[in-house]
Amino acid sequence: MSGVNEIRSAFLDYFAKNGHEVVASSPLVPRNDPTLMFTNAGMVQFKNVFTGAEKRPYSTAATAQKCVRAGGKHNDLDNVGYTARHHTFFEMLGNFSFGDYFKERAIELAWGLITKEFDLPKDKLLVTVYHDDDEAANLWKKIAGFSDSKIIRIPTSDNFWQMGDTGPCGPCSEIFIDQGDKLWGGPPGSPEEDGDRFLEFWNLVFMQYEQIEPGNRIGLPKPSIDTGMGLERISAIMQGVTSNYDTDLFRTLIEAVAHATGMAPEGERKASHRVIADHLRTSCFLVADGVLPSNEGRGYVLRRIMRRAMRHAQLLGARDPLMYRLVPVLVREMGQAYPELIRAEALITETLKLEETRFRKTLERGLSILDEESRGLGKGQNLSGETAFTLYDTYGFPLDLTQDALKPRGIGVDTDAFNAAMQRQREMARAAWSGSGEAATETVWFSVKERTGATEFLGYDTESAEGIVL
Ligand code: ATP
Ligand code: MG
Ligand code: MG
Ligand code: MG
């Protein structure tokens, strides 16, 4: 059985053997891209190469890219711990063609890797194509010998890939595996597609357009290829398990959590072990790439992730800072592939320890308030927005931490009232300021704050503001 580290290497070796330049992962904070909060796909570092604005000395490439999906167009934060296939941090394996090969070669290379090198069972595989993409459908018939029933035409945005609201984009074709009828779920496009039975693991994007602004799409100079395969998902498939959390890497991390807390990953507690293992990776990789916990922007996403993990550590009975003690295990598992983890180990450890030590002081008190205030509530009911705001304002509970805590009981939060309380507080702050006699300066300060408000309150406007940093 191949471990995660070998599978990553096997992917890169295969594409190197087929003429691709192996390029290092870019940082999680995208360079020169204020529209994107975190790198969320392999193509991000090549965005300007696709549009022709930047030239590279190669026309095909392969990467294992660090990705975070905890905000913006692709946000998986609320899935983590509850689905078998989503992480906030994951590695995307990808091959790219910048005006070199297009659909046919991309499908040939993908099919060759998964059926010859990785030896996946052909009869369990199926694909989707964008509904009007006859060319891709015919290529799958020719190359994989698929019948029409294995080529599912999808008319929705699921098969039209976009990094964000602007940037290179195009129709895509995704590869799924049927993991058997012991698991609930239906094929893509069916009402049960969110089940675990049919697992999407590789997306081949046929890059043809650039979205300049909403409603305005132009052709790319040359049709190109961008693919993304989740390393954790292909590893689960190759290791014969149906959850990413049962792969060798995650098992090691989860065992470390169990060892540190004395709590075995069983029953309802399992979700906590998973969340901690997932959020540990995200926190460590973000700090290694220069993000520090703060009250706004990227730093606030990091803080939210760290604090969520800490609440789960508390659920497992941890009474002292825990996360920082898990850093060495992660560095041991992933430091060879990502030496930045080794270089930043001391900084990561200190950052986690400090944030945990500070938050511990209010976590327990806040949790008991949450407990009291939600005691009488049942499934489908909401915690009052005022309580959620007090928890936020006085106890440092990000809104999503409160939501995450109530989720298992089917209880929500009155977010309108929460936002109203937030707004009232801002107005009170403004009123207090205007009494200070420095009107001119204050007006400027408040208007700046208001314009950039989206940055500070990333967590609350879950639809639109999250991905945009500026
Ligand atoms: P899903 O439908 O499962 O949420 P997606 O369609 O959003 O996945 P893509 O944007 O197509 O994912 O990304 C390409 C590949 O990256 C996916 O096929 C999957 O293997 C992997 N991937 C995407 N999101 C995650 C995640 N949150 N955690 C782990 N792997 C992921
Ligand atoms: Mg998704
Ligand atoms: Mg999908
Ligand atoms: Mg997809």
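Note that the coordinates shown come from a computational prediction; the quantities given were computed from them, not determined experimentally.

The subject of this paragraph is the site of ligand 1. Taken together, 16 residues are adjacent to ligand 1, and Asp 76, Arg 85, His 86, Glu 200 and Asn 203 come closest. The side chain of Glu 200 places a nitrogen or oxygen atom 2.8 Å from an oxygen atom of ligand 1. Taken by itself ligand 1 offers 590 Å² of open surface, and the protein chains cover 88% of this. Counting residues per element, the ones that place at least two in the shell around ligand 1 are strand E5 (89-97), strand E10 (198-213) and strand E11 (216-230). Considered class by class, the residues forming the shell around ligand 1 number five nonpolar, five polar and six charged.

Another point: the nonpolar core. Judged by nonpolar contacts, the single largest core of 111 residues is most densely connected at Trp 140, Phe 201, Trp 202, Met 229, Ile 234, Leu 341 and Ile 348. Residues in contact with Trp 202, not counting those within four places in the same chain, are Phe 11, Phe 15, Asn 95, Ala 110, Leu 113, Ile 114, Ser 173, Glu 174, Ile 175, Thr 227, Gly 228 and Met 229. Grouped together as the second largest cluster of nonpolar side chains are 21 residues, Ala 41, Ala 61, Trp 161 and Val 205 included.

What the rule picks out here adds up to 21 aromatic pairs. When the ring of Tyr 58 is compared with that of Phe 98, the centres are 6.5 Å apart and the planes differ by 45 degrees; the resulting orientation is tilted. With Tyr 58 in the loop between helix H2 (47-51) and strand E2 (60-68) and Phe 98 in the loop between E5 and helix H3 (103-117), this pair connects stretches of sequence that are 40 residues apart. Of the two residues, Tyr 58 and Phe 98, both sit in the buried class. Joined through ring pairs, the aromatic side chains of Phe 46, Phe 50, Tyr 58, Phe 96 and Phe 98 make up one cluster. Above the face of the Tyr 82 ring, Lys 407 is positioned so that its terminal group lies 4.3 Å from the ring centre.

Here we take up the coordination of the magnesium ion (ligand 4). At the metal site, the magnesium ion (ligand 4) is ligated by Glu 174 (OE) and Glu 200 (OE), and these contacts range over 1.9 to 2.2 Å. If you look at the magnesium ion (ligand 4) and the magnesium ion (ligand 3), they sit 3.2 Å from each other and are both ligated by Glu 200. Residue Glu 174 is located in strand E9 (residues 167-178), and its partner Glu 200 is located in strand E10; the two are separated by 26 residues in the primary sequence. Since its relative accessible area comes to 5%, Glu 174 is described here as buried. Its relative accessible area of 26% is what places Glu 200 among the partly exposed residues.

Take the pairing of E2 next. By the criterion of burial, E2 is predominantly enclosed, with nine of the nine residues buried. Residues Thr 60, Ala 62, Ala 64, Lys 66 and Val 68 point to one face of E2 and Ala 61, Thr 63, Gln 65 and Cys 67 to the other, with burial holding for every one of them. Bridge count between strand E1 (residues 21-22) and E2: two bridges; the pairing is parallel. Opposite Val 22, over in E2, you have Ala 62 as the bridge partner. When E2 meets E5, the two strands line up antiparallel, connected through nine bridges. Residue pairing across strands places Ala 61 opposite Phe 96, the latter belonging to E5.

By the element assignment, Ala 260 lies in helix H6 (residues 248-261). In this structure, the C-alpha to C-alpha distance between Ala 260 and Leu 326, residues 66 residues apart in sequence, is 8.1 Å. Residues contacting Ala 260, with those up to four places away along its chain left out, are Leu 322, Arg 325 and Leu 326.

Cut-offs and rules
- Residues numbered from 1 in each chain as written.
- Chains lettered and ligands numbered in written order.
- Predicted model: local features only at pLDDT ≥ 70, side-chain atom pairs only at ≥ 80, totals over all residues.
- Heavy atoms only, no water.
- Near = heavy atom within 4 Å.
- Polar contact = N/O pair within 3.5 Å; in protein donor to acceptor, adjacent residues only side chain to side chain.
- Areas by Shrake-Rupley, 256 points an atom, 1.4 Å probe, with all protein chains shown as cover.
- Helix = DSSP H or I, 4+ residues; strand = E, 2+ residues; numbered from the N terminus.
- Nonpolar A, V, L, I, M, F, W, Y, C, P; charged D, E, K, R; others polar.
- Core = buried A, V, L, I, M, F, W, Y, C linked by side-chain atoms within 4.5 Å.
- Buried < 20%, exposed > 50% of the residue type's maximum accessible area, 1.4 Å probe, protein only.
- Contact = heavy atoms within 4.5 Å.
- Phe/Tyr/Trp six-rings, centres within 6.5 Å; stacked < 30°, edge-to-face > 60°.
- Lys NZ or Arg CZ within 6 Å of the ring centre and 35° of its normal.
- Donors = N, O, S within 2.8 Å, 3.2 Å for Na, K, Ca; no water.
- Pairing = 2+ DSSP bridges.

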